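The residues making up each chain are set out below.
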Amino acid sequence: MFTGASNLAEGVDKTFIFIFSIAIIFIVGISVFMIYTVIHFSRKKGKKPLQFSGSIKLEILWTLIPLILVMLMFYYGEKGFAPMRKVPADALQITAIGRMWEWEFDYGNGMKSRELVLPVNKPVRIGLKSEDVNHSLFIPAFRVKEDVIPGYDNYLWFIPTHIGEYEILCTEYCGLLHSSMLSKAKILEQADYDKWFADFKSVAVVAESDGYLLIRNTGCIACHSLDGTKLVGPSFKDLYSTQRIVLAGNNQTTVMATDEYIIKSIYDPDSEVVKGFNKGLMRSYKDILKENEIKIIIDYLKTLSEKK
Ligand SMILES: [Cu+2]
């Protein structure tokens, strides 16, 4: 019925099926009994209701049965949960970074990926960090879900047991584009993973001189389209060297999208907000993008604009 793709799936599924079965037995049992009494004791049949009170036997029974059931739920729950907090010493160390509204996976040494790529049958520990608000990393196929909270070092771990591609979601409502905070977990054969990892290094180097990869890896395109579509923020298409109507506080002014304007928009997004868009949705990238990187981004933006 269920197919989990990690070592933790069995414990979670067993607990789930156990609790779900009890719920089904009760809902069916109670409903059938209710319908039976409504029909059998109908007033039309003229039966007189019995009046009685107090029954030690019943009191003991309906205390003991639920007690046994919840203790069994606790037993299976604890058995499934305990291994989730015991990370093997040889686990691969990766950090998942959650920000509005995307996931980033940090493999160390500046190697960051939008997707979680892992070798099969190897334990992995994923440290969880948030750069802004509360998020929650959820990979249903692996039966893992943990909150990602700013200022708190949380983690999860698992051993992926099946090769394939699995969905990653954010399952803590984190604002406007929460529902598009998606990613993929790709589980590869060890040899394929090694190959991916070797190529990956070169991608990180390219990214430093490639404007498109820079904005993609920084997550800009989650909110700024490249084709003119209106998302949370203004599109990057035809942005460079065009007139923009902006609101600076309560004053509406027209400014030209020059290098200086773009740097200011990235470092202090709320100082001037383009008309028709909302304040307070973009963080400052002051400590994330250096000025020389912004210059590379600007060169890329010029290619999206007819006016250079
Ligand atoms: Cu989120």
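Just above sits the structure.
Here's what I pulled together on the structure shown here. Along each chain, numbering runs from 1 in the same order as the chain's sequence is written. Only residues with pLDDT of at least 70 are given local features in this predicted model, and only at 80 or more are side-chain atom pairs given and counted; all residues enter the totals for whole chains, interfaces and linings. Only hydrogens and water are removed before side-chain values are computed, so all heavy atoms of the structure are retained for them.

### Here's the deal with the nonpolar core
Core analysis: the largest hydrophobic core is formed by 36 residues, its most contacted members being Phe105, Tyr107, Leu116, Ile126, Leu137, Phe142 and Phe158. Not counting the four nearest positions on each side in its chain, Ile126 is found in contact with Ile94, Ala96, Leu116, Leu137, Asn154, Tyr155, Leu156 and Phe158. Put simply, buried Ala, Val, Leu, Ile, Met, Phe, Trp, Tyr and Cys residues joined by side-chain atoms within 4.5 Å make one nonpolar core. For each residue, the accessible area found with a 1.4 Å probe, counting protein chains only, is set against the maximum for its type, and the residue is called buried under 20%, exposed over 50%, and partly exposed in between. Phe236, Ile262, Phe277 and Leu289 belong to the second-largest nonpolar core, a separate cluster that totals 25 residues. Whether two residues are in contact is decided by their heavy atoms: any pair within 4.5 Å suffices.

### Description of the packing of aromatic side chains
We call Phe, Tyr and Trp rings a pair once their centres come within 6.5 Å, taking the six-membered ring for Trp, and we label the pair stacked below 30 degrees between planes, edge-to-face above 60, and tilted otherwise. According to the stated counting rule, one finds 11 aromatic pairs in the structure shown. Ring geometry for Tyr75 against Tyr76: centres 5.4 Å apart, planes inclined by 65°, an arrangement best described as edge-to-face. Among the residues examined, Tyr75 registers a relative accessible area of 44% and is labelled partly exposed. An aromatic cluster is built from Tyr107, Tyr193, Trp196 and Phe197, whose rings are joined through pairwise contacts. A cation sits over an aromatic face here: Arg85 above Tyr155, 4.1 Å from the ring centre. By definition here, charges over rings are those cases where NZ of Lys or CZ of Arg is within 6 Å of the ring centre and within 35 degrees of the ring normal. Here Lys145 stacks its cationic end above the ring of Phe138, 4.8 Å away from the centre of that ring.

### Comments concerning the pairing of strand S10 (residues 183-188)
A helix here means a DSSP run of H or I that spans at least four residues, while a strand means a run of E at least two residues long, and both kinds are numbered starting from the N terminus. Every second residue of S10 is oriented toward a common face, the buried set being Ser183, Ala185 and Ile187 and the non-buried set Lys184, Lys186 and Leu188. Bridging between strand S4 (residues 116-119) and S10 involves four bridges; their strand directions are parallel. Considered in S10, the bridge of Leu118 is made with Ile187. Two strands form a pair only when DSSP identifies at least two bridges running between them. Pairing of strand S9 (residues 164-170) with S10, which is carried by five bridges, proceeds in the antiparallel orientation. Bridging across to S10, Tyr166 finds its partner in Ala185.

### Some thoughts on the environment of Ser180
Within the secondary structure layout, Ser180 lies in the loop between S9 and S10. Sequence separation of Ser180 and Ala222 is 42 residues, and the distance between their C-alpha atoms is 8.5 Å.

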